[in-house]
Amino acid sequence: MTDNAENVVVTNNPDLLRYEARLGDELAGFAAYRLEDGRITFTHTEVGEAFEGKGVGSALARGALDDVRATGGLTVLPLCPFIKGWIAKHEDYQDLLAP
C-alpha cells in the first residue's frame, strides 16, 4: 500500500447515493449504489485519474464494504465490475453477497 492509500478516508454520502474516498479535501473516487429490498447494489466505481494506481480503489471498496457490514441488514449485489472483482479476490467479504 502506498502512503496515499493509507490516508484515504471513505465515507457514505447517502444524499448522493455513493461512498466517497477522499485524500485530504480532495475527492479521489466514489462508488455509486442504489438501495432496494434489503440490498445495496454497487453500480459504478470511479477513481480520479490523478489517483489511479495508488490503492484508492481498493481502499474505497474495503471502506464501503466494511461500512455495509457494520451497519448490518443489507446484502451486496456488485454490478460494478471493480467491486465484483475486489470481492472475488477477498474471501472474507464474500459473505456479504446477495444470494
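Residues numbered from 1 in each chain as written. Predicted model: local features only at pLDDT ≥ 70, side-chain atom pairs only at ≥ 80, totals over all residues. Heavy atoms only, no water.

**Examining the overall build of the protein chain**
Note the threshold: Put simply, DSSP H or I for four residues or longer makes a helix, DSSP E for two residues or longer makes a strand, and each gets a number counted from the N terminus. In this setup the radius of gyration rests on C-alpha atoms only. A globule is expected at 2.2 Å times the number of residues raised to 0.38. Relative accessibility under 20% of the residue-type maximum defines a buried residue, over 50% an exposed one, and the middle range a partly exposed one, all with a 1.4 Å probe and only protein chains included. Contacts were defined at the residue level, with two residues in contact if any of their heavy atoms lie within 4.5 Å. Only the protein chains shown count as covering a residue, and every accessible area follows the Shrake-Rupley method with a 1.4 Å probe. Note on charges: Lys and Arg go in the positive column, Asp and Glu in the negative column, and His and the chain ends are not counted at all. For the purpose of locating charges, the reference atoms are NZ of Lys, CZ of Arg, CG of Asp and CD of Glu.
Along its length, the protein chain carries 3 helices and 5 strands. Counting helices and strands in the order they occur from the N terminus, the protein chain gives α-β-β-β-β-α-β-α. The C-alpha atoms of the protein chain give a radius of gyration of 13 Å, which matches the 13 Å a tight globule of 99 residues would have. With respect to the principal axes defined by its C-alpha atoms, the protein chain has extents near 35 × 30 × 20 Å. Taken across its 99 residues, the protein chain has 37% of its residues classed as buried. Counted over contacts in the protein chain with a minimum sequence separation of 6, partners at least 24 positions apart contribute 42%. For the protein chain, the accessible surface area stands at approximately 5700 Å², while carbon and sulfur atoms represent 49% of it. Charge separation in the protein chain, taken as the distance between the mean sites of 9 positive and 16 negative side-chain charges, equals 5 Å.

**Quick word on helix H3 (residues 81-89)**
It helps to recall that an α-helix has 3.6 residues per turn; residues three or four apart then point in one direction. Which entries qualify depends on this criterion: Within this analysis, the arc is defined by the directions that extend from the helix axis to the C-beta atoms.
Buried residues of H3: Ile83, Trp86 and Ile87, and no others. Projected down its long axis, H3 carries its buried residues within an arc of 95 degrees, all on one side. Residues Pro81, Lys84, Ala88 and Lys89 are exposed on H3 and point more than 90 degrees away from its buried face. Looking at the buried side of H3, the elements it contacts are strand S4 (39-47), helix H2 (56-71) and strand S5 (75-78).

**Remarks on the pairing of strand S3 (residues 26-36)**
Defined as follows: Paired strands are those between which DSSP finds at least two bridges.
By the bridge criterion, 6 bridges tie strand S2 (residues 18-23) to S3 in an arrangement that is antiparallel. Each bridged residue has a counterpart across the sheet, and for Tyr19 the counterpart in S3 is Ala31. Two elements, S3 and S4, share 8 bridges in a ladder whose sense is antiparallel. What sits directly across from Glu36, in S4, is Arg39.

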